[in-house]
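As a plain string of letters, each chain reads:
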Amino acid sequence: MNPRPFFDTARDIRRGQFIEECADKMQEVIAHVAEHNKPAKLIIELTISPASRTGAAMNVSDKVTAKIPALPSGETILFVTPDNNLVPNDPHQKSLDLKSVDADTGELKSINK
């Protein structure tokens, strides 16, 4: 008895959409690994169950999952005001009156934020 090649059967699952979904998820995993240099997983799960009592027909359900670890979102330092609000600049520290110099004329310019 010669087994039918796996990919021949896989192409029949959901009329080819299963293979397309596998390819899409694989691209997603590869892009993540290439961008973040962190491992990720492509999980392909097939569940086969009898569709009838005779066993002549089978139900094949599939699940394709890209397991990409969450990346840290980062942190922001904010300062507390006397009213318990968060602001980007320390309210207890004086601001500096910064000036820039025009490269062509050497003239001082005020920096406005």
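Position numbers for residues start from 1 in each chain and track the written sequence from start to end. The model is predicted, so local features are restricted to residues of pLDDT at least 70 and side-chain atom pairs to those at 80 or more, both for listing and for counting; the totals for chains, interfaces and linings are taken over all residues. In computing side-chain properties, one takes all heavy atoms of the structure into account and sets aside hydrogens as well as water.

**Thoughts on the overall build of the protein chain**
Here's step 1: Labels follow the DSSP assignment, with helices taken as runs of H or I lasting at least four residues and strands as runs of E lasting at least two, numbered in each case from the N terminus. If you tally the helices and strands in the protein chain, you get 2 helices and 6 strands.
Here's step 2: Going from N to C terminus, the protein chain has its helices and strands arranged as α-α-β-β-β-β-β-β.
Here's step 3: Taken along its principal axes, the extent of the C-alpha atoms in the protein chain is 90 × 45 × 20 Å.
Here's step 4: Any residue under 20% of the maximum accessible area for its type is buried, any over 50% is exposed, and the rest in between are partly exposed; the area is computed with a 1.4 Å probe on protein chains only. Across the 113 residues of the protein chain, 10% fall into the buried class.
Here's step 5: Any two residues whose heavy atoms approach within 4.5 Å at even a single point are treated as in contact. Long-range contacts, defined as pairs at least 24 residues apart, comprise 28% of the intrachain contacts of the protein chain with a sequence gap of at least 6.
Here's step 6: Using a 1.4 Å probe, accessible areas were evaluated by the Shrake-Rupley method; residue-level cover was limited to the displayed protein chains. Accessible surface computed for the protein chain: about 10,200 Å², of which carbon and sulfur atoms make up 53%.

**Looking at the nonpolar core**
Here's step 1: By size, the foremost hydrophobic cluster in this structure holds 5 residues: Ala10, Ile13, Phe18, Cys22 and Val64.
Here's step 2: Look past the residues within four positions of Val64 in its chain and what remains in contact with it is Phe18, Glu21, Cys22, Lys25, Leu42 and Ile43. In plain words, nonpolar cores are sets of buried Ala, Val, Leu, Ile, Met, Phe, Trp, Tyr and Cys residues tied together by side-chain atoms within 4.5 Å.

**Observations regarding the side chain of Thr81**
Here's step 1: Within the secondary structure layout, Thr81 lies in the loop between β3 (79–80) and β4 (86–87).
Here's step 2: Excluding anything up to four places from it in sequence, Thr81 contacts Val87 and Pro91.

**Comments concerning the environment of Leu78**
Here's step 1: Its place among the elements puts Leu78 in the loop between β2 (58–67) and β3.
Here's step 2: In this structure the C-alpha to C-alpha distance between Leu78 and Asp90, which are 12 residues apart in sequence, comes to 7.8 Å.
Here's step 3: In this structure, Leu78 is in contact with Leu86, Val87 and Pro88, ignoring residues within four places of it in sequence.

**A short note on the pattern of salt bridges**
Here's step 1: Between Lys or Arg on one side and Asp or Glu on the other, a salt bridge is scored when a side-chain nitrogen of the former is within 4 Å of a carboxyl oxygen of the latter. Evaluation of the coordinates by the stated rule reveals 5 salt bridges.
Here's step 2: The residue Arg4 makes a salt bridge to Asp12 at a minimum N-O spacing of 2.8 Å.
Here's step 3: The partner of Asp62 in a salt bridge is Arg14, with the nearest N and O atoms 2.7 Å apart. Taken together, the residues Asp62 in strand β2 and Arg14 in the loop between α1 (6–12) and α2 (17–36) connect sequence positions 48 residues apart.
Here's step 4: For Asp62, a relative accessible area of 21% gives the class partly exposed.
Here's step 5: For Arg14, a relative accessible area of 35% translates into the label partly exposed.

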